[in-house]
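What the coordinates show
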Amino acid sequence: MSERKVIGITGTMGSGKSMAKEILSAWIPVTDCDQINARLLEKDQAGYAALNDAGLLCTDEEGNVDRKAMADQMFDHPGQRKKMEAILHPLIIEELKQWIDAQTSLCAAEVPLLFECSLQNLFDEVWTITCSDQTALDRLGKYRHIPAEEARRRLALQFPAEKKMAQSTHVLPNDGTKEELAAQIEALLPDSVRLACSFTQDQPASAPNLAKPANPGKTNAKAGEIK
């Protein structure tokens, strides 16, 4: 059985963390803290109940979490954000640890607040995805429909990218295409992954120079934006 090695993927808003996760998921098991968070905020789940008990839950008419209202509350009211994070982060981290413990080989986790929550000790390597401010603004406007002024405000509240980069094993610039990011990730994959992939015929679109593994890691559906 292969020795387990865990990669932590992080970066600021709009840098392309989820793109990196999607590329890696074609080759190895990958999890995502935003997805864990989204699951915890479903009805009858621990995060939903805890926030509701604390009077911090925003819901729609059907009682489901209103993710936009929750995100606005977190960014507009620092005190509320701290209370919400104090409730949700321990739950997310516990599920993340359980997932890591269940892995037996190379795997990865997308963790937006990896450094902010001091989770470096959970990972053998940390990969930070970066991009220019303008690229981030463009992506946040196009894919999340966040106005430029609001996006700038939210980016200013985040842990500086420079500090993340200084503490990372690898820094992957991501101002270009998905194929360019895939090429960087491919170069970091160990030989064991390359060899395992070389015995199959088809290739995933995210990594055109490698063959698709027989049993690629799978990810859940895209989660909400609360981090």
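None of the values given here were measured: they were computed from a predicted structure.

A short note on the packing of helix H2 (residues 33-40) against helix H5 (residues 78-102)
Where H2 meets H5, the axes come as close as 10 Å, and the angle between the chain directions of the two elements is 120°. As for the relative orientation of H2 and H5, their crossing is right-handed in sense. Contacts between H2 and H5 involve Cys33, Ile36, Asn37, Arg39 and Leu40 from the former and Leu88, Leu91, Ile92, Glu95 and Leu96 from the latter. Among the residues forming the contact of H2 with H5, the class breakdown is 7 nonpolar, 1 polar and 2 charged.

Concerning the packing of aromatic side chains
Scanning the model with the defined rule gives 1 aromatic pair in all. Taken together, a centroid distance of 6.5 Å and an interplanar angle of 20° make the contact between phenylalanine 115 and phenylalanine 159 stacked. One end of the pair, phenylalanine 115, is in the loop between strand S3 (106-110) and strand S4 (125-130); the other, phenylalanine 159, is in the loop between helix H7 (148-156) and helix H8 (161-166), with 44 residues separating them in the sequence. Over the face of the ring belonging to phenylalanine 75 we find arginine 81, whose NZ or CZ atom lies 5.0 Å from the ring centre. Of note, lysine 163 hangs over the ring of phenylalanine 159, and the distance from its end group to the ring centre comes to 6.0 Å.

Cut-offs used in this document
Residues numbered from 1 in each chain as written. Predicted model: local features only at pLDDT ≥ 70, side-chain atom pairs only at ≥ 80, totals over all residues. Heavy atoms only, no water. Axes fitted to C-alpha atoms, helices over the stretch in contact; angles between N-to-C directions. Helix = DSSP H or I, 4+ residues; strand = E, 2+ residues; numbered from the N terminus. Left-handed = near helix turned anticlockwise from the far one by under 90°. Contact = heavy atoms within 4.5 Å. Nonpolar A, V, L, I, M, F, W, Y, C, P; charged D, E, K, R; others polar. Phe/Tyr/Trp six-rings, centres within 6.5 Å; stacked < 30°, edge-to-face > 60°. Lys NZ or Arg CZ within 6 Å of the ring centre and 35° of its normal.

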